[in-house]
Amino acid sequence: MKKLLVYLKDYKKESILAPLFKMLEASFELIVPLVVTAMIDVGIADKNSGYILKMCLVMVALGLIGLLCSVTAQYFAAKAAAGFGTRVRHQLFAHIQSFSFTEIDQEGTATLITRMTSDINQVQSGVNMVLRLFLRSPFIVFGAMVMAFTIDWKAALIFAVAIPLLSLVVFGVMAVSIPLYRKVQERLDKVLGITRENLTGARVIRAFHKEEEEKARFEEGLESLTSMQNHVGKISAFMNPVTYVIINGATILLLYTGAVQVDAGSLTQGEVVALVNYMSQILVELIKLANLIVTITKAVACGNRVESILEIQSSMPADGNQLEHSVGGTLSSDFRTADGSPLEYSGGEVGDSTEQSIGETGNRTEQLETENQTGTPAVEFAHVGLTYQGAGGESLSDIDFSVKKGETIGIIGGTGSGKTSLVHLIPRFYDVTSGAVLLNGRNVREYPLEELRQKVGIVMQRAVLFKGTIRENLCWGKADASEEELYEALEIAQAKEVVEGKEGSLNAPVEQGGKNFSGGQRQRLTIARALVRKPEILILDDSASALDYATDAKLRKSIREMEGSPTVFIVSQRTSSIQHADKIIVLEDGEVAGIGTHQQLLESCGVYREIYESQYKKQ
Ligand SMILES: Nc1ncnc2c1ncn2[C@@H]1O[C@H](COP(=O)(O)OP(=O)(O)OP(=O)(O)O)[C@@H](O)[C@H]1O
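Rules used in this analysis
Residues numbered from 1 in each chain as written. Predicted model: local features only at pLDDT ≥ 70, side-chain atom pairs only at ≥ 80, totals over all residues. Pairing = 2+ DSSP bridges. Helix = DSSP H or I, 4+ residues; strand = E, 2+ residues; numbered from the N terminus. Near = placed C-beta within 6 Å. Nonpolar A, V, L, I, M, F, W, Y, C, P; charged D, E, K, R; others polar. Axes fitted to C-alpha atoms, helices over the stretch in contact; angles between N-to-C directions. Parallel < 35°, antiparallel > 145°, perpendicular 65-115°, else oblique. Left-handed = near helix turned anticlockwise from the far one by under 90°. Contact = placed C-beta atoms within 7 Å. Core = buried A, V, L, I, M, F, W, Y, C linked by C-beta atoms within 7 Å. Buried ≥ 20, exposed ≤ 12 C-beta atoms within 10 Å, placed from the backbone.

Student: What am I meant to see in the sheet that holds strand E2 (residues 396-403) here?
Tutor: Whenever strands of a sheet pair, they do so through backbone hydrogen bonds, lying parallel or antiparallel. Reading across the sheet, the four strands line up as E2-E1-E4-E5 and stay open at both edges, with antiparallel pairing between neighbours. Each having just a single partner strand, E2 and strand E5 (442-443) make up the two edges of the open sheet. Relative to E5, strand E4 (residues 434-439) runs antiparallel, the two sharing two bridges. Considered in E5, the bridge of Leu-438 is made with Asn-443.

Here it is, written out as structure tokens:
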């Protein structure tokens with residue numbers, strides 16, 4: 001939490017003025033009992049209505065000045081807290097943007113949303129409360145005690161006993177309830193998690209008619225939260241009766257000793273009333289302080305959670321300098337084959353030059369030599385292995401192939417065979433755990449991320465559009481794309497008719513998540529978005545699954561004829577979508593079961609033949 005406080009540094013003035021004005025307000029509050037004393041001892045005793053009126057006006061003036069101070073303090077505290085909250089939100093958002101898929105997987109979207117929203121709100125209101133009350137309450141408790149001593153030290157001894165006793169009860173109850181408040185917060189988080197999951201998955205819940213189960217799950221979470229809140233409530237409720245017993249006991253004692261002293265002529269009636277007033281002020285402030293401590297505890301817990309996200313370092317810095325440590329030192333996993341032996345380079349040692357192409361033994365060297373005669377492979381997977389963080393085993397093992405510029409590669413395999421994992425390694429959504437992925441002969445880890453992702457256009461399995469217009473969505477691919485470029489991309493993606501069918505064409509609105517478009521329309525628009533930037537490598541990850549066969553065929557034909565001949569990876573479950581590819585990679589359980597053309601694989605690869613036959617022959 002401490003580290004978060006640096007975001008208050010631009011609000012130093014406000015952070016000093018807010019408590020200062022609050023203390024000024026408190027000072028005026030401490031004067032009020034003295035005015036009452038004067039009113040009773042002079043005004044009432046002398047039946048001097050003019051004096052009473054004057055004192056009334058003084059009280060009104062004190063009240064007004066106090067109010068002014070309080071409003072000013074509130075203004076500065078709110079300004080500092082809101083500014084602090086905005087900066088933390090801004091920083092956290094920017095930090096989350098730097099996360100790779102690994103960190104996002106690790107934390108989970110729901111957690112990140114909670115940190116960005118309710119956690120920061122809680123810290124912000126904590127900062128506001130602290131600025132206003134943290135000094136004010138102790139100041140009044142201490143000030144009221146000092147004032148009591150100045151009135152009559154003997155009577156004030158009752159304060160000296162009552163205040164520690166009151167503090168013991170108030171802070172004792174706090175000590176017991178604060179850990180319970182943490183539990184309340186945890187249970188509240190759980191309820192919020194269920195709510196978020198339900199709202200985001202509302203359609204699926206309806207489709208599977210799971211409303212009753214979900215209601216029961218929500219109620220269960222809610223009941224657990226309520227029971228904990230009731231438990232804490234009961235403990236906290238204990239505080240009020242006990243504190244009032246102490247305060248009333250002290251007041252009775254104060255009135256009794258006061259009366260004796262008034263009789264003896266050593267104290268006036270007004271002074272006794274002032275002492276009683278100070279006693280009540282102390283009680284109110286101690287209770288406020290206790291509530292403030294609860295708020296601070298919650299704010300610190302939330303602040304720590306926000307801070308823990310800020311402390312996570314992205315495993316993929318934007319400058320792509322991940323290989324530096326291997327130069328002249330121990331070889332990193334990137335330069336090792338699956339069995340751990342170092343990969344040989346065609347010239348010099350590993351790390352000598354970032355432009356060197358990877359070479360290998362035996363067939364691999366021959367293959368690379370041949371390829372080098374015709375040019376460096378556009379994409380190369382050199383004995384690639386991938387184990388996701390926290391996963392038991394490898395999701396990809398020893399993937400080894402290369403692709404020439406302009407080729408179309410089909411990737412096929414059963415569900416969970418590793419197709420998406422494989423293509424995600426090209427734009428470096430994840431880092432390989434063994435072997436290396438090379439783009440134009442250069443390890444993808446050596447590219448600055450922006451440069452790498454500029455070269456690779458990927459259309460994900462789930463077509464996601466953002467709120468705005470069609471034009472704004474397409475311009476994600478290239479911010480300054482001309483109308484002509486946008487229509488060219490739309491035409492290739494078979495999405496021109498989608499745009500023309502909407503009122504406003506390119507300026508037609510897109511709702512959040514693109515929910516005002518059909519699944520197929522969304523897919524075509526996301527393909528167009530990837531094409532606008534004319535990528536060197538185009539990856540279509542099962543992104544034509546919602547298209548009919550004819551549109552899918554037209555799409556593939558126009559991509560093949562695209563100017564600049566990008567290297568295309570088509571991930572598909574349908575053999576019809578990939579059978580014309582230059583090379584097809586068949587995956588099974590994260591391993592390559594076969595590589596070749598459609599015809600070669602039909603002859604040599606059992607897995608491919610099985611997939612093909614299940615889709616065609618049986619029909
Ligand atoms: N982010 C992740 N964290 C952990 N494991 C993952 C992650 N993504 C995928 N996996 C695991 O890796 C394996 C391969 O998944 P992948 O998504 O690459 O398969 P796929 O062939 O694309 O499947 P599908 O055709 O169903 O999309 C699966 O066992 C999956 O559980």
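Student: In this structure, what is going on with the site of the ligand? I would like to understand it.
Tutor: Taken together, Asp-105, Tyr-388, Ala-391, Ser-395, Gly-413, Thr-415, Gly-416, Ser-417, Gly-418, Lys-419, Thr-420 and Ser-421 form the complete shell of residues around the ligand. Ranked by residue count, the leading element in the shell around the ligand is helix H11 (residues 419-424), at three residues. Taken together, the residues of the shell around the ligand sort by class into two nonpolar, eight polar and two charged.

Student: Looking at this structure, how should I read the packing of helix H6 (residues 153-200) against helix H9 (residues 269-310)?
Tutor: The description of two packed helices rests on the angle between their axes and on the distance between the axes. Put simply, H6 and H9 touch, their axes get as near as 9 Å, and they point 20° apart. Judged on the interaxial angle alone, H9 and H6 are roughly parallel. H6 and H9 meet at a crossing whose hand is right-handed. Only Leu-275, Met-279, Ile-282, Leu-283, Leu-286, Ile-287, Ala-290, Ile-293, Val-294, Thr-297, Lys-298 and Ala-301 of H9 make contact with H6, whose side of the interface consists of Ala-155, Phe-159, Ile-163, Leu-166, Ser-167, Val-170, Met-174, Ile-178, Tyr-181, Arg-182 and Gln-185. Its residues placed into classes, the contact of H6 with H9 shows 18 nonpolar, three polar and two charged.

Student: Even after reading the chapter, I still don't get the nonpolar core, so can you show me in this structure?
Tutor: Most often, soluble globular proteins keep nonpolar side chains buried together rather than apart. Within the largest apolar cluster, 69 residues are counted, with the highest numbers of intra-cluster contacts made by Ala-528 and Ile-539. Excluding its chain neighbours within four sequence positions, the residues that come into contact with Ile-539 are Val-423, Ile-426, Val-456, Ile-458, Val-459 and Phe-569.

Student: What exactly am I supposed to notice about the environment of Leu-525 here?
Tutor: Note on placement: Leu-525 falls in helix H16 (residues 519-532). Residue classification places Leu-525 among the buried residues on the basis of 24 C-beta atoms within 10 Å. With 332 residues separating them along the chain, Leu-525 and Gly-193 place their C-alpha atoms 32 Å apart. In this structure Leu-525 touches Leu-465, Ile-470, Asn-473, Ala-495, Val-498 and Phe-517, once residues within four positions along its chain are discounted.

Student: Explain the sheet that holds strand E12 (residues 591-596) here, please?
Tutor: Pairing is mixed in the open sheet, where six strands are placed in the order E6-E9-E10-E3-E11-E12. Strands at the two margins of the open sheet, each flanked by one partner only, are strand E6 (456-459) and E12. Sheet twist, expressed as the mean angle between neighbouring strand axes with direction ignored, is 15°. Examined bridge by bridge, E6 and strand E9 (residues 537-541) share four bridges and lie parallel to one another. The residue of E9 that forms the bridge with Val-459 is Leu-540. The sheet contacts of H16 involve E6 and E9, and relative to E6 the element is tilted by about 175°.

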